[in-house]
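# Residue-level structure breakdown
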Amino acid sequence: QVQLVESGGGLVQAGGSLRLSCAASGRIFSNYAMGWFRQVPGKEREFVAGIHWNAVSTYYADSVKGRFTISRDNGKNTVYLQMNSLKPEDTAVYYCAVGSWTTVLSGRISGMNYWGKGTLVTVSS
């Protein structure tokens, strides 16, 4: 079993930055790929970014490429999402999740094994 807790969400103006964190506990963290997803009420959850357990290979949705950076610290069992140049359309609840690298690359929501409860990001115009 893996427990995931997100933090770092909040209210920010368009063009600003936020850094989300996801702390993991339970089973061995370093063997899993990690992903960030987001969901707007009334819409489907969507893939944002993913990182391999090696902390080197990353993958991004086109909508955030060049603005968001995912990273992880296996020693601290934590994955991060640095979000820059935020836009109002980035407003959503952001979730971290654990799964295989293949699943992360596919962006397949149902294939992720464990989820956090999410943190709300609101970007004002």
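The structure we're discussing is the one just above.
Quick look at the structure, then. Residue positions are given per chain, counting from 1 as you read along its sequence in written order. Since the coordinates come from a predicted model, pLDDT governs what is reported: local features require at least 70, and pairs of side-chain atoms require 80 or more to be given and counted, while whole-chain, interface and lining totals use all residues. As a convention, hydrogens and water are excluded, and side-chain values are obtained from all of the structure's heavy atoms.

### Digging into the state of the cysteines
- Disulfide assignment relies on a single distance test, namely cysteine sulfur atoms paired within 2.5 Å. Inspection of every chain in the model, using the stated rule, returns one disulfide.
- Put simply, Cys22 and Cys96 are joined by a disulfide, and their sulfur atoms are 1.9 Å apart. Note on the Cys22 and Cys96 pair: the S-S dihedral is about 50 degrees, so by sign convention the disulfide is right-handed. Linking Cys22 in strand E3 (residues 18-26) with Cys96 in strand E9 (residues 92-99), this pair joins segments that are 74 residues apart in sequence. For the pair shown, Cys22 and Cys96 are each scored as buried. For the purposes of this entry, the term helix denotes a DSSP run of H or I that reaches at least four residues, the term strand denotes a run of E that reaches at least two, and both are numbered from the N terminus. Buried, partly exposed and exposed residues are distinguished by accessible area as a fraction of the type maximum, computed with a 1.4 Å probe on protein chains only: under 20%, between the cut-offs, and over 50%, respectively.

### A look at the pattern of salt bridges
- Whenever Lys or Arg places a side-chain nitrogen within 4 Å of a carboxyl oxygen from Asp or Glu, that contact is recorded as a salt bridge. Tallying each qualifying case throughout the model produces four salt bridges.
- Glu46 is the partner of Arg38 in a salt bridge, and the nearest nitrogen-oxygen pair spans 2.6 Å.
- Beyond isolated ion pairs, a larger network of salt bridges with shared partners links Arg38, Glu46, Arg67 and Asp90.

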